[in-house]
Amino acid sequence: MIAVLLAVSGVAVLVAVLRHKFVLATVAGFSMAPTLHPGDRLLVRRTSLSRLRVGDIVVVVPDARMAGPRPHTGYVIKRLAAIPGDLVPPHVPSPSNAHVPPGWMAILGDNPDASRDSREYGLVTQQRLVGVVVRAIST
């Protein structure tokens, strides 16, 4: 009986640790096509902006600017285009020749024709960052 309780407790602790470190996200639109498609499930590792590189696919919690004309549910999934100190990418609102300030990032969809991203709503604060996509776990 004690062994069973210890095993169940161990599993519960493992699940709690994994839920703290990872989250699942589901792709809802075509903004990341052809890389990701609607319905793809993604394993996302929680991390800080300082641990990311340009080109990573990141997940952020949307704010009112990102929602656009319709209410937004879930996460925003985009490619990290610029990190603090980088030049702000073309077509992202900013003073000319501006650099991304500390604590901010630019995120862009792989499919510009179907993406609402930093080109429309500007830079995104690191407080919105959930994490980086580790892998697609199902399609």
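Attention here is on the structure that accompanies the text. A quick note: this is a predicted structure, and the numbers were derived from the prediction, not measured. (Residues numbered from 1 in each chain as written. Predicted model: local features only at pLDDT ≥ 70, side-chain atom pairs only at ≥ 80, totals over all residues. Heavy atoms only, no water.)

## Some details on the overall build of the chain
Here's step 1: If you tally the helices and strands in the chain, you get three helices and seven strands.
Here's step 2: Element order for the chain, N to C, with α for helix and β for strand: α-β-β-β-α-β-β-α-β-β.
Here's step 3: By residue count, 37% of the 139 residues in the chain fall in the buried class.
Here's step 4: For the chain, contacts bridging at least 24 residues in sequence account for 58% of all contacts bridging at least 6.
Here's step 5: Summed over all atoms, the accessible surface of the chain reaches about 8,400 Å², with 61% contributed by carbon and sulfur. (Helix = DSSP H or I, 4+ residues; strand = E, 2+ residues; numbered from the N terminus. Buried < 20%, exposed > 50% of the residue type's maximum accessible area, 1.4 Å probe, protein only. Contact = heavy atoms within 4.5 Å. Areas by Shrake-Rupley, 256 points an atom, 1.4 Å probe, with all protein chains shown as cover.)

## Quick notes on the pairing of strand β5 (residues 104-108)
Here's step 1: With four of its five residues buried, β5 lies for the most part within the structure.
Here's step 2: Sheet topology note: the strand β4 (residues 76-82)/β5 ladder contains three bridges and is antiparallel. Across the sheet, the residue bridging to L80 is I107, located in β5.
Here's step 3: When β5 meets strand β6 (residues 124-125), the two strands line up antiparallel, connected through two bridges. The residue bridging W104 from the neighbouring strand is T125, located in β6. (Pairing = 2+ DSSP bridges.)

## Focus: the nonpolar core
Here's step 1: In terms of nonpolar packing, the biggest core is built from 13 residues, with L52, V60, M105, I107 and L129 touching the most fellow members.
Here's step 2: When contributions to this core are tallied by element, the ones reaching two or more residues are β3 (57-60), β4, β5 and β7 (129-138).
Here's step 3: Among all residues touching I107, those that are not within four sequence positions of it are V58, V60, V76, K78, R79, L80, A81, D117, S118, Y121 and V124.
Here's step 4: V23, V27, I57 and I77 belong to the second-largest nonpolar core, a separate cluster that totals 12 residues. (Core = buried A, V, L, I, M, F, W, Y, C linked by side-chain atoms within 4.5 Å.)

## Points about the pattern of salt bridges
Here's step 1: For the coordinates displayed, the defined rule picks out four salt bridges.
Here's step 2: When the shortest N-O distance is used, the salt bridge between D110 and R79 registers 2.8 Å. Here D110 is found in the loop between β5 and α3 (118-121), whereas its partner R79 is found in strand β4, with 31 residues between them in sequence.
Here's step 3: We note a salt bridge from R119 to D117, for which the minimum N-O separation is 2.4 Å. (Salt bridge = Lys/Arg side-chain N within 4 Å of Asp/Glu carboxyl O.)

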